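Coordinates in review
So the chains spell out like this:
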Amino acid sequence: MTPRLIECVPNFSEGRDLAVIKEITAAIESVEGVTLLDVDPGKATNRTVVTFVGAPEPVIEAAVLAGQRAKALIDMRQHHGEHPRFGAMDVCPLVPISGVSMEEAAEYARELGRRLGAEAGISGYFYEAAAMRPERRNLAHVRAGEYEGLATKLADPAWAPDFGPAEFDPGYGVTAVGARKFLIAYNVNLNTTSTRRANAIAFDVREKGRVKREPDPITGKVVRDAQGNEVWTPGTLKAVKAIGWFIEEYGVAQISINLTDIDVTPVHVAFDECVKKAAERGIRVTGSEIVGMVPLRVLVEAGEHYLRQQGRSLGVPHAELVKIAIKSLGLAELSPFDPEKRVIEYAIRDRSKRRLIDQTLIGFTHETASESPAPGGGSVAAAVGAFGAALGAMVANLSSHKPGWDARWEEFSSWAVQGRDRHEALLALVDEDTAAFQGIMEAWRAPADERAARIEAATVRAIEAPLAVMREALAALDVCRAMADIGMEASTSDAAVGALCARTAVRGAGFNVRINAKGLTDEVRKAEFLAEVERLEREAEQRETEVLALVQRRL
């Protein structure tokens, strides 16, 4: 299951008083479900960039608390620094990481702004994807005039704030709240010490390109248009900024790149283009480095890209794709690249909580057999379903590499990816089912005036987890059916076992939905849940029958 994660990167107009910074970050860390990733104070700019991540709701809560603390602790009348600014919490962008669209992130940003106004008396503007007016999309335009010009700006009806009081707050200023895409600082290593040559490659690839010059090798005058403006030749990559520089620590030149939209130009596309342009100049790319942390999908997509180039199945686990990406991009050339620390989804995992899926098979079996009521049937159903999906993926992977079937590798790779996605989701549901059961136990211990509502909410979660198992396992049956039909004949029995496991997961999870639905007081919702259970069970039975008939025929 893809976690719903957004990153929040507020910038505070304080970079020198560490006690103030610590008090603000303590407020952020006080919110359960939020992980503080980085705190970067700058003395010259007198500005601190804070990065934290979590599900949208706790992230918004943490951002509101941070704004409140900034208002109490930072006085903009005393602020001086080199960076443009117009407020104590100057900007507060939300960045979708996984499971959240840009449109949703923009709406969360607007909710954050409304709460800052209502709960903290903070005024401000929405920018980038959250902008309410086209002319306010650009942050530089919104922040023009900075703090010193803010009183005059707010007196102009055209610059009435998007949220909060319309009056100028001299102590705080205002905040720009936005939603933007994830930005990646990325350096490509070269086997040269020449900054000039590194710059040449940077100009080849960056969107801005280079100034156009006349072909005369002696004069090389800048070409200008009819209005006297410089004419530029664009580079090959969109949404890319780049320069060349020399890193004395490593004794190599690098192409320093900012990827401003990784949906337009992903990391692996930038890397391959640098390899191509460097080779044209007799230079070799030796590796690269990602600055800071990245979403998992960046490395998964890179791993899939390089497998695709090899004509190999993409349906391998995400952890394997990450390894392939690290090796292919040379991310460990200059220093170790530990995905547990550099991939956001991995870094925020609560390692104080022992996951069932991290246990050995023996450990999981023994814990299931113990006196503890969890893990129970729901978690076991999810685990069995994961085995079924994995078997379907295995047959697809084997078929994609079968000698003589090279022309069909993409067909089987597509099925392998579906199987992989199903078993990854089902593995996550092993722990989700147990967590949902524990949520019911906790709800029963709630104060009397809250107990009924919390039990109802926890019961819904305990129903939705096994329902998700049923849906994913049903989809796994589709993979097993396809492999029983077209997969390599020697693995037909594996497709059969996969189908049996997936059907067991559907039926087992169905029993969990039914027993948990007994505790639901909302009769309409209960009926909807039970109707879906019956539909999923019928479909699973039909698909299992089809798989076994196909297997029997081929055997």
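Residues numbered from 1 in each chain as written. Predicted model: local features only at pLDDT ≥ 70, side-chain atom pairs only at ≥ 80, totals over all residues. Heavy atoms only, no water.

**Describing the overall build of the protein**
Across its full length, the protein carries 17 helices and 13 strands. Seen through its principal axes, the protein has C-alpha atoms that stretch 80 × 70 × 40 Å. Across the 555 residues that make up the protein, the buried fraction comes to 50%. Put simply, 73% of the contacts in the protein that link residues at least 6 apart link residues at least 24 apart. (Helix = DSSP H or I, 4+ residues; strand = E, 2+ residues; numbered from the N terminus. Buried < 20%, exposed > 50% of the residue type's maximum accessible area, 1.4 Å probe, protein only. Contact = heavy atoms within 4.5 Å.)

**Focus: the pattern of salt bridges**
Enumeration according to the criterion identifies 38 salt bridges in this entry. With a closest N to O distance of 3.1 Å, Asp263 and Arg297 form a salt bridge. Taken together, the residues span a long stretch of sequence, with Asp263 in the loop between strand E12 (252-259) and helix H7 (267-280) and Arg297 in helix H8 (residues 296-310) at a distance of 34 residues. Look at Arg297 and you get partly exposed, because its relative accessible area is 30%. Several salt bridges share partner residues, and in doing so they unite Arg471, Asp478, Glu532, Arg535, Glu539 and Arg543 into one network. (Salt bridge = Lys/Arg side-chain N within 4 Å of Asp/Glu carboxyl O.)

**With respect to unusual backbone geometry**
The phi torsion of most residues other than glycine is negative, and most of the peptide bonds are trans. Phi at Glu146 is positive, roughly 55 degrees, even though this residue is not glycine. Position of Glu146 relative to the elements: it lies in the loop between helix H4 (139-142) and helix H5 (150-155). Despite not being glycine, Ala239 shows a phi value in the positive range, around 55 degrees. By the secondary structure assignment, Ala239 is in the loop between strand E10 (232-233) and strand E11 (240-247). By relative accessible area, Ala239 is classed as buried at 12%.

**As for the packing of helix H14 (residues 409-444) against helix H15 (residues 448-486)**
The contact between H14 and H15 brings their axes to 8 Å, and the two run at 160 degrees. Judged by the inter-axis angle, H14 sits roughly antiparallel to H15. Between H14 and H15 lies a crossing of left-handed hand. Of the residues in the contact of H14 with H15, the class split is 24 nonpolar, 4 polar and 9 charged. (Axes fitted to C-alpha atoms, helices over the stretch in contact; angles between N-to-C directions. Parallel < 35°, antiparallel > 145°, perpendicular 65-115°, else oblique. Left-handed = near helix turned anticlockwise from the far one by under 90°. Nonpolar A, V, L, I, M, F, W, Y, C, P; charged D, E, K, R; others polar.)

**Brief notes about the sheet that holds E12**
Strands sit in the order E11-E12-E8-E13 across an open sheet of 4 strands; the sheet is antiparallel. Here the strands that pair on one side only, and so sit at the sheet edges, are E11 and strand E13 (285-291). Sheet twist, expressed as the average angle between the axes of neighbouring strands with direction ignored, equals 25 degrees. As defined by bridge partners, strand E8 (residues 184-190) adjoins E12 across 6 bridges and the pair is classed as antiparallel. From the neighbouring strand, Asn187 faces E12, where its bridge partner is Ser256. (Pairing = 2+ DSSP bridges.)

**Concerning the environment of Pro96**
With respect to the helices and strands, Pro96 occurs in strand E5 (residues 89-98). For Pro96, a relative accessible area of 16% puts it in the buried group. Sequence separation between Pro96 and Pro295 is 199 residues; the distance between their C-alpha atoms is 9.6 Å. Contact partners of Pro96, with chain neighbours within four places excluded, come to Leu5, Ile6, Ser101, Met102, Ala105 and Arg180.

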